[in-house]
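# Remarks on the overall topology
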Amino acid sequence: MSTTETSSSHAYGIGIIAVIIALGLTISWYTMFWLPEENQKVFVDEHILHPDGETIINIIEGSSSPEQQDNYIPKVVQVQLTIDNYVIWNNVDSTPHTVTPDSHDRDEITDPFSGEFGSTGVIMPGESYEFLFTDAPPNGAWVIEYHCDPHPWMVGIVEVTKSRF
Ligand SMILES: [Cu+2]
């Protein structure tokens, strides 16, 4: 056997080993990282992600006064998935407010897609808080009661149901 033949078959062997190692790394990355992450993603219907309309709640002028009964307007909203499940709280008052769930039970206030419900910190005057509700029980409603942290007499309710169509 000549020297050239030996070195070329040697290079060929290294090439194959490199391919096998690369394949092994790819497969282990795929099974260890890519697959679990892919399975974690929640499947949400396109029409729920992009509903026909939105629900607007205004935090009206004077809401910080305990004597004023009207603050979150409307106080109770019933939203239907695919129709108006994108909810926006507009602070049109001159005082900062929050949208804070009454319940501390994470299971009760967590949407599988959007995460935990509630404004982080205050909503400044002129700003808003938005939440996309994507889940509702097969029959009945997901009822979320909320309030304003600095002004606990401000209360509201969101009821989320599946669309009847
Ligand atoms: Cu408030």
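As the structure is a prediction and not an experimental result, all values here were calculated from the model. (Residues numbered from 1 in each chain as written. Predicted model: local features only at pLDDT ≥ 70, side-chain atom pairs only at ≥ 80, totals over all residues.)

## Regarding the sheet that holds strand S3 (residues 76-80)
- Ordered by their spatial adjacency, four strands build an open sheet running S3-S10-S9-S5, and the pairing between neighbours is mixed. At either end of the open sheet lies a strand with only one pairing partner, and these are S3 and strand S5 (100-101).
- With six bridges joining them, strand S9 (residues 142-147) and strand S10 (residues 155-161) adopt antiparallel strand pairing. Note that in S10 the partner of tryptophan 142 across the bridge is valine 160. (Pairing = 2+ DSSP bridges. Helix = DSSP H or I, 4+ residues; strand = E, 2+ residues; numbered from the N terminus.)

## Quick word on the sheet that holds strand S2 (residues 72-73)
- The strand order S2-S1-S4-S8 describes an open sheet built from four strands, whose pairing is mixed. Each having just a single partner strand, S2 and strand S8 (128-132) make up the two edges of the open sheet.
- Both strand S1 (residues 54-59) and S2 contribute to a ladder of two bridges, which runs antiparallel. By the bridge assignment for S2, isoleucine 59 is matched with tyrosine 72.

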